[in-house]
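Coordinate inspection notes
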Amino acid sequence: MMKKFNFNAATKAVLGAGLLSLALSGCGSDGKDGEDGKPGPIGNAIGSVSHLDANIQSASVDDAGILTVNFNLTDANGVAVFDLKHGDIGAVSFGRVGSEDEVGSTDLEGNPREIWLSYFNKDKGEGYYTGSSYFKGSECETCLTDNGDGSYTLTLDKAIDTLDKYAYDANATNGIYLGVKASNNAGHTLVNNSFYYWQPSSDTAQDKPKAIIADETCQNCHRPGQDGALSMHGDKHVTLESCTFCHTDYNSYMKDDKDADGNVIGAHEVDGSIKGMAHEIHSHATFNGVYPQSASNCQTCHQADENLAMADAWKADLDTATCMNCHNSQYGVPSWHWDTANNQIAESKQNCVSCHNDPDGGYRGAESGHYLKNDNAQAAMAKVTFNSMSYSADTKTVTANMTVTSGDTIVTLAQIDPTPYKYGGYTSAIVFNGVVNDDFIVNYQKVGYGNFTAGEEGSINVTIPDGDFEVAKVMETEGVSVALSSQLHICFDGKGAVADCTLSDDGTEATNAGPYVPSDTAYFAVDGTKVDKSPRIQHAEMTACQQCHTTEIKHRFSNDIDGCASCHNGTRDKKGTGSSNLAYIVHSKHYVYDSNGEMFFKKTECQACHGDNGFSLSKIAPTAAPVAYGKNDTEQLVVSPQTAACVSCHQGPYGIDDATAAHIKTNGGLLKEEGAPLTTLGVPASAYDTLNPAETCSTCHKDSQLLEAHSNWGSSH
């Protein structure tokens, strides 16, 4: 019996090819192999990748001042990328390390600063010039050679031009900025900024010079891929380092002043250096609410970093222009520095660093003026430590003991602001509360200065009676952890040293008090044992907040999220209308627009604040405490915990509709009373348990689904 064979498609193809070759061999073949074809490229075409990395391998400068750059291009996996086009070279800037003396801007004779000098200067007229005349690949079709293997050679068609201010120096550290901007087949824009530093005379690679601030420091707030990302001049310059190649220290030009109708009414000089722009932009952004920090807090950007050779350069007191970036008006200098008649700083006071160069014998310089001898900065460095907590069940009274320190100095009771608070209570207070079921038990509990007494060794005792402070309710709740945090102001001598408080004539103001002292939330068991770890689920870390806010968070400052949530907890509403819960308060403030009306930060970028999974609904137990969202005629209205997380953003009429409300109810959430409008969220607190909330939101709304649902929402990113 004949056997039958079933051939799959691949086998048929191989057999077909073999039979075809046999047929052809019988049709006049000469028996000789043809020439080998050119091997195809090993790698990926640029249209098929979603990420680019350029790596400059070498560079050279010929006698005519023409730069040649050899670089490789790879994808996220390190695989070669070919088919880059000349128009994809968004920018090439080129320069070297030099001295202030070379451009005549030295403020202290004999002590010039090291600065960056561009080889591509642009004449701005009237004696002004900038380093911004960079090369664009779109203007030279023959400059780029694709070697077909992921390597490229770029020879510029423009020579070094410093406007005869200084010369090319092959012995100095030279540097190249290469900006690539391309599109893939999916229409996504691919941007990469890469850098190369070398000494041309020896052809040896050099470390990055003038390492003052890391790109990552700027990107703490200007987050890549989000609305406020660094993305300048056609969205191709996306790093701080790229800015420094053009915005050099000598960058300056005149800019027209115009009235509301666009008519030129004058002109003013602009400091176009990177430090000049950064200082001015952030200074103005502080006042218009975009930058959530004081521009005088230098260390927000100038962070100590052992990997940055010049991280401490801001302390050097060598550069008047830097001072003038912020101290440039009658509000930014002492009155005796201001020339009212000419509306400018007096000529005799315009070389700031000739006097302000402490600790070199002069007046307060940058570090002293902003930190070491600055009351506000020293307040932010102070600390409150809760040493103990005890409870008397007989008297229903809690006694806490704390120590306040400023560096090595213990702050006494006489050095704490004793004044009344304008909304009731005292300006200086501690906050008392307790935690059960992942939330605080009672509303805002501010125990003021009137309850403070001097303790041993400079410590301070705080007596917390029952009554208004609901001590018995907190201390007698099963499983409670007692929470203590602070809202204290301490007084200074005007030069950063702690001092006894001085009061106004009517006693309502401590005239030498600083801002809030930072607080850490301390936890204790009912028996007084310290609890080392917060009993609350941490949906976000304060470090994420501090990346932008550092020490500047409105009306108080806490080193942990619990310090905020102890007041803005699930028991608190906005005087009967809406929620005052922390999630609602934070979310409501994080659609941020810049001064041009462009989106800077949007709250739908969940991971910006919540990390990898802090936004996860699965982290909210169905048994967690409900959240207050207002009041009816008799009592508070509350929303079940997972639902509360959603409606902290999704408010009516646009963020939620009747169908969504029905969906929440079907899946065990408690959102509102039957028949109530979506503007009145919550069910009566007394009925909450009897309504048997059994939320199952996280069953479908998993982490990946939440991220996908919130992506590309609310702006172009």
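Residues numbered from 1 in each chain as written. Predicted model: local features only at pLDDT ≥ 70, side-chain atom pairs only at ≥ 80, totals over all residues. Heavy atoms only, no water.

In terms of regular secondary structure, the protein is built from 16 helices and 35 strands. Here the C-alpha coordinates of the protein stretch approximately 110 × 105 × 55 Å along the principal axes. For the protein, the proportion of its 717 residues judged to be buried stands at 43%. Counting every atom, the protein has about 37,500 Å² of accessible surface; 51% of that belongs to carbon and sulfur. The positive charge centre, built from 47 side chains, and the negative charge centre, built from 91, are 6 Å apart in the protein. (Helix = DSSP H or I, 4+ residues; strand = E, 2+ residues; numbered from the N terminus. Buried < 20%, exposed > 50% of the residue type's maximum accessible area, 1.4 Å probe, protein only. Areas by Shrake-Rupley, 256 points an atom, 1.4 Å probe, with all protein chains shown as cover. Lys, Arg positive; Asp, Glu negative; His and termini not counted. Charge placed at Lys NZ, Arg CZ, Asp CG, Glu CD.)

Our next topic: helix α14 (residues 658-666). Owing to its 3.6 residues per turn, the α-helix aligns residues three or four sequence positions apart on the same side. Where α14 begins, the side chain of D657 points an oxygen toward the backbone nitrogen of A659, at a separation of 3.3 Å. Downstream of α14 by one or two residues, G668 has phi in the positive range, about 90°. (Polar contact = N/O pair within 3.5 Å; in protein donor to acceptor, adjacent residues only side chain to side chain.)

Further remarks concern the environment of C218. You can see C218 is positioned in helix α2 (residues 215-219). The exposure class assigned to C218 is buried, which follows from its relative accessible area of 19%. Each C-alpha atom, one on C218 and one on V517, is 26 Å from the other, the two residues being 299 residues apart in sequence. Once residues lying within four places of it in the same chain are set aside, the contact partners of C218 are I213, L230 and L240. (Contact = heavy atoms within 4.5 Å.)

Another aspect to go through is the sheet that holds strand β11 (residues 174-183). Taken together, 5 strands build an open sheet; the order of strands is β6-β5-β11-β12-β13 and the sheet is antiparallel. For this open sheet the edge positions go to β6 (114-118) and β13 (204-205), each flanked by a neighbour on one side alone. Direction of pairing for strand β12 (residues 189-199) relative to β13: antiparallel, over a ladder of 2 bridges. Counted as the bridge partner of Q199 is T204 from β13. (Pairing = 2+ DSSP bridges.)

What follows is about unusual backbone geometry. Note the cis peptide between G652 and P653, where omega equals 5°. Looking at the secondary structure, you find P653 in the loop between α13 (641-647) and α14. Even without a glycine there, the phi angle at D164 is positive, about 60°. Tracing the backbone shows D164 in the loop between β10 (151-159) and β11. Given the relative accessible area of 79%, D164 is considered exposed. Positive phi values are uncommon outside glycine, yet D317 reaches one of about 60°. Mapping D317 onto the fold places it in the loop between α4 (274-287) and α5 (320-326). Taking relative accessible area as the criterion, D317 reaches 8% and is therefore assigned buried.

Turning next to the sheet that holds strand β9 (residues 144-146). The strand order β2-β3-β10-β9 describes an open sheet built from 4 strands, whose pairing is antiparallel. Each end of this open sheet is capped by a strand with a single partner; those strands are β2 (53-61) and β9. The mean angle between the axes of side-by-side strands here comes to 20°, regardless of whether they run parallel or antiparallel. Relative to strand β3 (residues 66-74), β2 runs antiparallel, the two being bridged by 8 bridges. Directly across from A59, in β3, lies its bridge partner V69. (Axes fitted to C-alpha atoms, helices over the stretch in contact; angles between N-to-C directions.)

Let's shift gears to the pattern of salt bridges. If the charged atoms of two oppositely charged side chains come close together, the side chains can form a pair. Per the counting criterion, the structure on display carries 18 salt bridges. R536 is the salt-bridge partner of D562, the closest N and O atoms lying 2.7 Å from each other. Taken together, the residues D562 in helix α10 (residues 561-565) and R536 in the loop between β30 (530-531) and α9 (542-549) connect sequence positions 26 residues apart. Of the two residues, D562 and R536, both sit in the buried class. Of the charged contacts, one joins K602 and E605 as a salt bridge, the two residues approaching to 3.1 Å between their closest N and O atoms. One continuous salt-bridge network, built from bridges that share partners, spans E100, R113, D249, K275 and D319. (Salt bridge = Lys/Arg side-chain N within 4 Å of Asp/Glu carboxyl O.)

Turning to the side chain of Q378, a few remarks are in order. Among the structural elements, Q378 can be located in helix α7 (residues 375-381). The exposure class of Q378 is buried, given its relative accessible area of 16%. Setting aside residues no more than four positions away along its own chain, Q378 makes contact with Y371, L372, F492 and G496.

Enumeration over the complete set of coordinates arrives at 3 disulfides. Note on cysteine connectivity: C221 is disulfide-linked to C548, with sulfurs 2.4 Å apart. Here C221, found in the loop between α2 and α3 (240-246), pairs with C548, found in helix α9; they are 327 residues apart in sequence, far enough to count as distant. According to the relative accessible area criterion, C221 is buried, its value standing at 14%. When its relative accessible area of 14% is taken as the criterion, C548 is described as buried. Disulfide partner of C491: C501, at an S-S distance of 2.0 Å. Judged by the sign of its S-S torsion, about 95°, the cystine formed by C491 and C501 is right-handed. (Disulfide = S-S within 2.5 Å.)

So, about α9. Along α9, the positions that sit buried rather than exposed are M542, A544 and C548. End-on view of α9: buried residues confined to an arc of 160°, all on one side of the axis. Those residues of α9 hidden inside the fold are in contact with α10 and α12 (606-610). A positive phi of about 40° marks T550, the residue just after α9. (Arc of directions from axis to C-beta.)

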